[in-house]
Amino acid sequence: MREYNSVSIVLKFGHIISSCVWFGAVVSIGVLLYLNHESGSSEELNAFNLGIHYLDNFLIGPSVAVSIMSGVFLCFSNNLQLFACRWVLKKWLGSLIAVAFGLIWLAPWLRQMEIICRINQFMVFTIPGYYRTYYLDHASLLVQEVMLLNLILISLLKPCAGHKNCVHCRERFAYKKA
């Protein structure tokens, strides 16, 4: 019954909601990026870029922080060892890689496209650098979405292969606590 105490429930709720917001904001950026290319005026172009900017700054950033912090507290509240459970370790590494990929690779390209669009307004579609940035953004968003879906799948399946130090594996495979 320990896993159903109120702190654990709040942490799980926060973790699930923040993960969903993170994934949903990345998908929304992809939709706005597509609409960016289909825009009919410079005002629409700037509005789509502003939407991408706000989604990145005000949804993705806080949801990543809440997701990671709630994950840490969930591990402590459920007596999971951070490096003993393979699925938890995969989740930590995957989360850190997704965050690093977003900060180092994806965000600069999104900012670059926003700058190109702001400076050149509607003439942006004649600039070859715009299309390179546009396609790099789409490819990067697809990679980010696959990484986040993989993290969600790991959370749902908890894939452990009988590791004796893992709480879930001990319960699943009836290992006695050492």
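Undergrad: Go over the pattern of salt bridges, please, and point to the residues and values.
TA: Across all of its chains, the model carries one salt bridge by this definition. With a shortest N-O distance of 2.7 Å, Arg118 and Glu114 are connected by a salt bridge. Of the two residues, Arg118 and Glu114 are both situated in helix α3 (residues 86-120); the distance of four residues between them amounts to about one turn of the helix.

Undergrad: Please give an account of helix α4 (residues 128-157) that cites residues and values.
TA: An ideal rise of 1.5 Å per residue puts 44 Å on 30 residues; α4 measures up with 44 Å between its terminal C-alpha atoms. Taken as a whole, α4 has its buried residues at Tyr130, Thr133, Tyr134, Asp137, Ser140, Leu141, Gln144, Glu145, Met147, Leu148, Leu151 and Ile154. Residue Lys158 follows α4 closely and has a positive phi angle near 45°.

Undergrad: Could you give me a rundown of the environment of Lys12, with the residues and numbers involved?
TA: Along the polypeptide, Lys12 turns up in helix α1 (residues 6-37). Since its relative accessible area comes to 28%, Lys12 is described here as partly exposed. C-alpha of Lys12 to C-alpha of Ser70: the two residues are 58 residues apart in sequence and 7.4 Å apart in space.

Undergrad: Mind laying out the side chain of Glu145, listing which residues take part and the relevant values?
TA: Looking at the secondary structure, you find Glu145 in helix α4. Comment: no salt bridge for buried Glu145; closest opposite-charge side chain is Arg111, at 17 Å. In contact with Glu145, not counting residues within four places along its chain, are Phe23, Val26 and Val27.

Undergrad: Account for the packing of aromatic side chains, naming residues and giving values.
TA: For the structure on display, the rule yields seven aromatic pairs. Look at Phe125 and Tyr130: their rings are 5.4 Å apart centre to centre, the planes differ by 90°, and that puts the pair in the edge-to-face class. Aromatic side chains Tyr131 and Tyr135 sit 6.5 Å apart centroid to centroid with 25° between the ring planes, which places their arrangement in the stacked category. With Tyr131 and Tyr135 both in helix α4 and four residues apart, the pair spans about one turn of that helix. The class of Tyr135 is exposed, set by a relative accessible area of 51%. Through successive ring pairs, a cluster of aromatic residues spans Phe125, Tyr130, Tyr131, Tyr134 and Tyr135.

About the criteria used
- Residues numbered from 1 in each chain as written.
- Predicted model: local features only at pLDDT ≥ 70, side-chain atom pairs only at ≥ 80, totals over all residues.
- Heavy atoms only, no water.
- Salt bridge = Lys/Arg side-chain N within 4 Å of Asp/Glu carboxyl O.
- Helix = DSSP H or I, 4+ residues; strand = E, 2+ residues; numbered from the N terminus.
- Expected span 1.5 Å × (residues − 1).
- Buried < 20%, exposed > 50% of the residue type's maximum accessible area, 1.4 Å probe, protein only.
- Lys, Arg positive; Asp, Glu negative; His and termini not counted.
- Contact = heavy atoms within 4.5 Å.
- Phe/Tyr/Trp six-rings, centres within 6.5 Å; stacked < 30°, edge-to-face > 60°.

That is the geometry; function is a separate question.
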